[in-house]
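As a plain string of letters, each chain reads:
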Amino acid sequence: VEITLQDINDNPPVFPTDMLDLTVEENIGDGSKIMQLTAMDADEGANALVTYTIISGADDSFRIDPESGDLIATKRLDRERRSKYSLLVRADDGLQSSDMRINITVSDVNDHTPKFSRPVYSFDIPEDTTPGSLVAAILATDDDSGVNGEITYIVNEDDEDGIFFLNPVTGVFNLTRILDYEAQQYYILTVRAEDGGGQFTTIRVYFNILDVNDNPPIFSLNSHSTSLMENLPLGSTVLVFNVTDADDGINSQLAYSIASGDSLGQFTIDKNGVLKVQKALDRESQSFYNLVVQVHDLPQLPASRFTSTAQVSIILLDVNDNPPTFLSPKLTYIPENTPIDTVVFKAQATDPDSGPNSYIEYTLLNPLGNKFSIGTIDGEVRLTGELDREEVSNYTLTVVATDKGQPSLSSSTEVVVIVLDINDNNPIFAQTLYKVEINENTLTGTDIIQVYATDGDEGTNGQVRYSIVDGNTNQEFRIDSVTGAITVAKPLDREKTPTYFLTVQATDRGSTPRTDTATVSVVLLDINDFVPIFELSPYSVNVPENLGTLPRTILQVVARDDDQGSNSKLSYVLFGGNEDNAFTLSASGELRVTQSLDRETKEHFVLVITATDAGKSGITLSGCKEFLHN
């Protein structure tokens, strides 16, 4: 019995290995076959038909033929873009499958030339850089790998002097010699970068030598001399300095200044070296300048600054810009008895200009009354007419000083001539006779009158002093020697001296005094200051008793009062002792008996009589009268 077993799909396709490593050169073109994959399936027939697919990792760079298993590159491979791929490939018989990992390494081909990091290199190097210093570095890259990517740097034959050394491996430049910007400002080298596969690239490397401030500014002349008119307008150019500096750029930019000799700042110098007038000049204030002009460059580092100086001598030429100035005083004195042709004063003026601009002539403007004249050259003012201070006490002269410049300038001054007094005038009283009436009880110290005298002279010659030279024997009055006020000095008594005639003298204080006199009549007015006096008191009268006819006058009393007028008019009153009314007394002082007297009854009477004057403040005196009868 022959039994035929029919195949069932019970075996998967099997790759020879689970992982496969491949190396593929880059630059394989699109459609190039890399390899053929084969998977074995133990089944038969249709169950052994295997289909191939890429599950992942192709990145559109690979595909696989599903039937033949050919692995094909779909685009040109570039190691520099991607150097490794990891594909997962599957073999499928329709029911069962198996996978294999294919690791593909893209191997390098020298298909890249070296590339510099810049299209052109330019380096700035200060000229004072020390030889041996690293001054620049260039960089080139090559996307190839291995020897193909190794770069060597080479300088072409542009650097004949060997100023720079290029490290062939690092691309670093070192300076080999001293640089000098003033000799050569730049260097241009051609540098080649070559890989190990023979590919190369060239580039230009520029070395710009930077100026260092190593040169001072230099004046074309170290000393300058010039002269200027003193009225030169502001901003005018005095000098233009020629200064050079071998450096370049900011190191050759110059700044000017005036270091000394211009303390008032009358000059200035701009950035172009132009010396100008900045403030008004005046030869009379300063005629000569010795300026020290300084120039320095303007480096970025002030410590490296260079400075040079030059001397400038400037002489100012005179312009007639100053009128004469008077030095002489504006006040002078002259005695009024000065002889004619005497020099009164000397006018003196000065002119700070020079030469003819400083020569001076003098004149008098409007001479007063032909009293004075002036010397044209010497300026001496002389008296030409007689003076009288009491007529004109001072003169104001206008003196003109004119220089000889073209045009001339002049100035004037007023000089006051004071005429000094001499004692040629007597004092004169305002009145020759002064009259005054005062009460006799005027208190001491009271001013009763003031006399006044004038003196046409001045100063001590015109100062008047007063004195009483007669009529004041007992010094009842005194006079203020300065004011002329007459004052009561002692108590007055009209009853003793009713009138005074004082002789008052006015004397000036000149060296030879002059005098004048006046009379002052002082009349004392009475006041009731005298008490009536019974000069015969007490009276004694004998009256017989039993007188006949009554009334009978037995006594006339009399009192004395030295006052005047009503102050001396007296009235009498029987004041006491008349209790029996035996007596009467008339106002005129007649005493009468009005009754018969009896001695046996009363033999003695004492009567008190008063005498009273008629003054406003009446003064009374009592008199005691004794009467006896037989």
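As the structure is a computational prediction, the values presented were derived from the model and not from experiment.

### Topic: the UniProt feature "domain: Cadherin" (unreviewed entry) in the protein
The sites that carry the UniProt feature "domain: Cadherin" (unreviewed entry) are, in the present numbering, residues 16-116, 117-219, 220-326, 326-429, 430-534 and 535-615. Segment residues 117-219 splits into 0% helix and 46% strand. End C-alpha atoms: 48 Å apart. Helix makes up 0% of residues 535-615 and strand 42%, and the two end C-alpha atoms of the span are 20 Å apart.

### What about the sheet that holds strand S7 (residues 97-107)?
Pairing is mixed in the open sheet, where four strands are placed in the order S1-S7-S6-S3. Each edge of the sheet is formed by a strand with only one pairing partner; in this case those strands are strand S1 (19-25) and strand S3 (51-56). Between one strand axis and the next, the sheet turns by 30 degrees as a mean value, whatever way the strands run. The pairing of S1 with S7 spans seven bridges and is parallel. When the sheet's bridge partners are listed, aspartate 21 is paired in S7 with asparagine 103.

### Description of the packing of aromatic side chains
Overall, the coordinates contain 15 aromatic pairs when judged by the stated rule. Between phenylalanine 164 and tyrosine 187, the aromatic rings sit 5.5 Å apart at their centres with planes inclined by 80 degrees, giving edge-to-face as the arrangement. Residue phenylalanine 164 is found in strand S13 (residues 164-166), and its partner tyrosine 187 is found in strand S15 (residues 186-195); the two are separated by 23 residues along the sequence. On the basis of relative accessibility, which here comes to 8%, the residue phenylalanine 164 falls in the buried class. Ring centres of phenylalanine 534 and tyrosine 572 lie 6.0 Å apart, and the angle between their planes is 50 degrees; this geometry places the pair in the tilted category.

### Re the pattern of salt bridges
Taken as a whole and judged by the stated rule, the model has 21 salt bridges. One salt bridge connects aspartate 270 with lysine 276, and the closest N-O pair in it is separated by 3.9 Å. For aspartate 270, a relative accessible area of 25% translates into the label partly exposed. Between arginine 560 and glutamate 535 there is a salt bridge, with its nearest N and O atoms 2.5 Å apart. One end of the pair, arginine 560, is in the loop between strand S45 (552-556) and strand S46 (570-576); the other, glutamate 535, is in the loop between strand S43 (515-525) and strand S44 (539-543), with 25 residues separating them in the sequence. Put simply, Arg389, Glu390, Asp421 and Glu458 are held in one network by salt bridges that share partners.

### A short note on unusual backbone geometry
The amide bond that connects glutamine 406 to the next residue, proline 407, takes the cis arrangement and shows omega of -5 degrees. With respect to the helices, strands and loops of the structure, proline 407 is situated in the loop between strand S33 (394-403) and strand S34 (410-420). Put simply, leucine 550 and proline 551 share a cis peptide bond, and its omega is -10 degrees. Unlike most non-glycine residues, aspartate 59 shows phi in positive territory, near 55 degrees. For aspartate 59, the position within the fold is in the loop between S3 and strand S4 (62-64). By relative accessible area, aspartate 59 is classed as partly exposed at 37%. Its identity as a non-glycine residue notwithstanding, glutamine 475 has a phi of 55 degrees, on the positive side. Checked against the element boundaries, glutamine 475 lands in the loop between strand S39 (464-470) and strand S40 (477-479).

### A few points about the side chain of threonine 332
With respect to the helices and strands, threonine 332 occurs in strand S27 (residues 331-335). For threonine 332, a relative accessible area of 13% puts it in the buried group. Among residues more than four places away in sequence, those in contact with threonine 332 are Val344, Phe345, Val415, Val416, Val417 and Ile418.

### Looking at the sheet that holds strand S30 (residues 360-365)
Hydrogen bonds between backbone groups are what pair the strands of a sheet, and the pairing can be parallel or antiparallel. The strand order across the open sheet formed by four strands is S27-S34-S33-S30, and the pairing between neighbours is mixed. Edge strands, defined here as strands with exactly one partner in the open sheet, are S27 and S30. On average, adjacent strands in this sheet sit at an angle of 30 degrees to one another, irrespective of strand direction. For S30 and S33, the ladder comprises six bridges, and the chain directions are antiparallel. For isoleucine 360, the partnering residue across the bridge sits in S33 and is aspartate 403.

### With respect to a nonpolar patch on the surface
Among the surface-exposed residues, Met229, Phe288, Ile315 and Leu317 lie close enough to one another that they form a single nonpolar patch of about 330 Å² accessible area. One can find phenylalanine 288 in strand S24 (residues 288-297).

### Quick word on the side chain of asparagine 423
Structurally, asparagine 423 can be placed in the loop between S34 and strand S35 (428-429). In this structure the side chain of asparagine 423 is engaged in a polar contact, spanning 3.0 Å, whose partner is the backbone oxygen of threonine 512. Ignoring sequence-local partners within four residues, the contact set of asparagine 423 consists of Asp457, Asn461, Asp508, Gly510, Thr512, Pro513 and Arg514.

### Brief notes about a negative patch on the surface
Side chains of Glu157, Asp158, Glu160 and Asp161 sit close together on the surface and give a patch of like negative charge. Summarising the element assignment, glutamate 157 is placed in the loop between strand S12 (151-155) and S13.

### Details of the environment of proline 339
Mapped onto the elements of the fold, proline 339 is located in the loop between S27 and strand S28 (343-346). Proline 339 gets classed as exposed once you look at its relative accessible area, which sits at 55%. The spatial distance from the C-alpha of proline 339 to the C-alpha of glycine 146 is 134 Å, given a sequence separation of 193 residues.

The rules we used
Residues numbered from 1 in each chain as written. Predicted model: local features only at pLDDT ≥ 70, side-chain atom pairs only at ≥ 80, totals over all residues. Heavy atoms only, no water. UniProt positions renumbered as here; feature names shortened; annotations may be inferred. Helix = DSSP H or I, 4+ residues; strand = E, 2+ residues; numbered from the N terminus. Pairing = 2+ DSSP bridges. Axes fitted to C-alpha atoms, helices over the stretch in contact; angles between N-to-C directions. Phe/Tyr/Trp six-rings, centres within 6.5 Å; stacked < 30°, edge-to-face > 60°. Buried < 20%, exposed > 50% of the residue type's maximum accessible area, 1.4 Å probe, protein only. Salt bridge = Lys/Arg side-chain N within 4 Å of Asp/Glu carboxyl O. Contact = heavy atoms within 4.5 Å. Patch = residues over 30% accessible without salt bridge, like charges linked within 9 Å, V, L, I, M, F, W, Y side chains within 5 Å. Areas by Shrake-Rupley, 256 points an atom, 1.4 Å probe, with all protein chains shown as cover. Polar contact = N/O pair within 3.5 Å; in protein donor to acceptor, adjacent residues only side chain to side chain. Lys, Arg positive; Asp, Glu negative; His and termini not counted. Charge placed at Lys NZ, Arg CZ, Asp CG, Glu CD.

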